[in-house]
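Take a look at the letters that make up each chain.
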Amino acid sequence: MLVIKKITVKNEQLDGLKMVFASDFHIKPYDSLRLRRIVNKINSQNPDIVLLGGDYVNGHDSGFTLSPVKIASCLAKLKSKYGTFAVMGNHDGWQGKYPIIKVFRQNGICVLENENRVFDKFTVAGLEDLQTANPDLKKALDGAQGEIILLTHTPDMFPDISKQVALTLAGHTHGGQVVLPKNKALIVPSKFGSRYAYGLINEDGKKMFVSKGLGSSILPLRFNCLPEIVVINFVK
């Protein structure tokens, strides 16, 4: 079952903007149909912009994943007013992110590696992955204008992010993937433990949403933690 998680964020400058955020796909060799369903679900939300949070491939080598060429060609069917923007995750880094970035860009997906794109009222910025690369916040925000939406694969970057960022979007944790009674996540891959495991987080005057993601890693299952696509509606 795939959940459409809808959240509302107050921001007068972005009033009326609808973003869709999807992360942690972990597309296995037999997952072509699942990926097509994800794309169709995202398109059914009629987003103004689509943001992708990394880990498109699965595992440490090509034997465990659908090819990046096939993944990119399917993600190319995403439709929105402003386009599709992505960052890479640790699995993408382990498998060699540059060929993945190349085929993404060839398919019209804008990959942000410590860089940004400026629109009329907002900027979308993206960081390199913390685990496998070198995230540079200063470089990523250079020249940003208006309200800033920041993509980072891991939420562990959040304490270092400045208050000039209106909203940070992250994945990586899978919401714990296996969640025991009383919302206790079995494993959260973060140095902060369960602090940034999932959800809309308000901390020190900053906002971040951490998605449960779409796929599974290590354990081929989810428990009490359904995969989700996140729809973010901005209001005054």
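Whatever comes next refers back to the structure up there.
In this text the structure is predicted, and so the values were computed from the model without any measurement. Positions within a chain are numbered from 1, following the residues in the order the chain's sequence is written. Local features are withheld for residues below a pLDDT of 70 in this predicted model, meaning they are given only at 70 or higher, and side-chain atom pairs are given and counted only at 80 or more; totals for whole chains, interfaces and linings count all residues. To obtain the side-chain values, all non-hydrogen atoms of the structure were used and water was disregarded.

Draft legend 1. Structural context of the sheet that holds strand β13 (residues 206–210). Here a strand pair is declared whenever DSSP counts at least two bridges between the two strands. A run of H or I in DSSP counts as a helix once it spans at least four residues, and a run of E counts as a strand once it spans at least two, with each numbered from the N terminus. With mixed pairing, the six strands of this open sheet are ordered in space as β6-β7-β8-β9-β13-β12. In this open sheet, the two strands that pair with only one neighbour each are β6 (115–118) and β12 (199–203). Across the sheet, the axes of successive neighbouring strands diverge by a mean angle of 20 degrees, strand direction being ignored. In terms of strand pairing, strand β8 (residues 147–151) meets strand β9 (residues 165–170) through four bridges, oriented parallel. When the bridges of β9 are listed, L151 appears paired with L169. Helix axes are fitted to C-alpha atoms over the stretch in contact, other axes to C-alpha atoms as well, and angles between N-to-C directions run from 0 to 180 degrees.

Draft legend 2. The arrangement of the layout of surface pockets in detail. Grid points spaced at 1 Å over the protein atoms alone were grouped into cavities, where a 1.4 Å probe fits but cannot get out, and pockets, open sets with protein on both sides within 12 Å along at least five of seven lines, with lining residues defined by an atom within 4 Å of a point. Grid points are joined across faces, edges and corners, and a volume is the space filled by probe spheres set on the points. Of the volumes computed, that of the largest pocket is approximately 320 Å³. Q177, I187, P189, S217 and I218 are, among the 18 residues lining the largest pocket, the residues nearest its centre. Under the scheme applied here, ten amino acids are nonpolar (Ala, Val, Leu, Ile, Met, Phe, Trp, Tyr, Cys and Pro), four are charged (Asp, Glu, Lys and Arg), and all others, including Gly, are polar. In the lining of the largest pocket, the residues fall into seven nonpolar, 10 polar and one charged.

Draft legend 3. Here's a closer look at the pairing of β13. Throughout, exposure labels follow a simple rule: accessible area from a 1.4 Å probe, protein chains only, divided by the maximum for the residue type, with under 20% read as buried, over 50% as exposed, and the rest as partly exposed. For β13, a buried count of four out of five residues is recorded, marking the element as mostly surrounded by other parts of the structure. Direction of pairing for β9 relative to β13: parallel, over a ladder of three bridges. Looking across to β13, one finds that T168 is bridged to M208. In terms of strand pairing, β12 meets β13 through five bridges, oriented antiparallel. Each residue of the ladder has a partner; that of L200, found in β13, is F209. In sequence, β12 turns back onto β13 through a hairpin of two residues, with D204 there showing a positive phi of about 55 degrees.

Draft legend 4. The arrangement of helix α2 (residues 68–75) in detail. For α2, every residue scored as buried is listed here: I71, A72, C74 and L75. The arc that holds the buried residues of α2, viewed along the axis, is 165 degrees, so those residues lie on one side. Among the exposed residues of α2, those pointing more than 90 degrees away from its buried face are V69 and K70. Contacts are residue-level and defined by heavy atoms, with any inter-residue pair within 4.5 Å sufficient. For α2, the elements touching its buried residues are α1 (32–44), β3 (49–52) and α4 (97–106). To be clear, the arc concerns the directions from the helix axis to the C-beta atoms.

Draft legend 5. Representation of the packing of α1 against α2 in the model. It is the contact of α1 with α2, at a shortest axis distance of 9 Å, that shows an interaxial angle of 25 degrees. On the basis of their axis angle, the class for α1 and α2 is roughly parallel. Of the two possible hands of crossing, α1 and α2 adopt the one that is right-handed. Contacts between α1 and α2 involve L35, R36 and V39 on the former and, on the latter, I71, C74 and L75. Broken down by class, the residue content of the contact of α1 with α2 amounts to five nonpolar, no polar and one charged. Roughly parallel means an angle under 35 degrees; roughly antiparallel means over 145; roughly perpendicular covers 65 to 115; every other angle is labelled oblique. Crossings are sorted by hand: turned counterclockwise from the far helix by less than a right angle, the near helix makes the crossing left-handed, and turned clockwise it makes it right-handed.

Draft legend 6. Local environment of unusual backbone geometry. For D55, which is not a glycine, the phi torsion comes out positive at approximately 55 degrees. The residue D55 is located in the loop between β3 and α2 in this model. Notably, N114 is not glycine yet its phi reads approximately 55 degrees, a positive angle. With respect to the secondary-structure elements, N114 resides in the loop between β5 (110–111) and β6. Exposure remark for N114: the relative accessible area of 5% places this residue in the buried category.

Draft legend 7. Region of the structure containing the environment of L112. With respect to the helices, strands and loops of the structure, L112 is situated in the loop between β5 and β6. Residue L112 is classed as buried on the basis of its relative accessible area, which comes to 0%. It is 18 Å that separates the C-alpha atoms of L112 and Q95, two residues lying 17 residues apart in sequence. Residues in contact with L112, not counting those within four places in the same chain, are F85, A86, V87, R117, V124, A125, G126 and L127.

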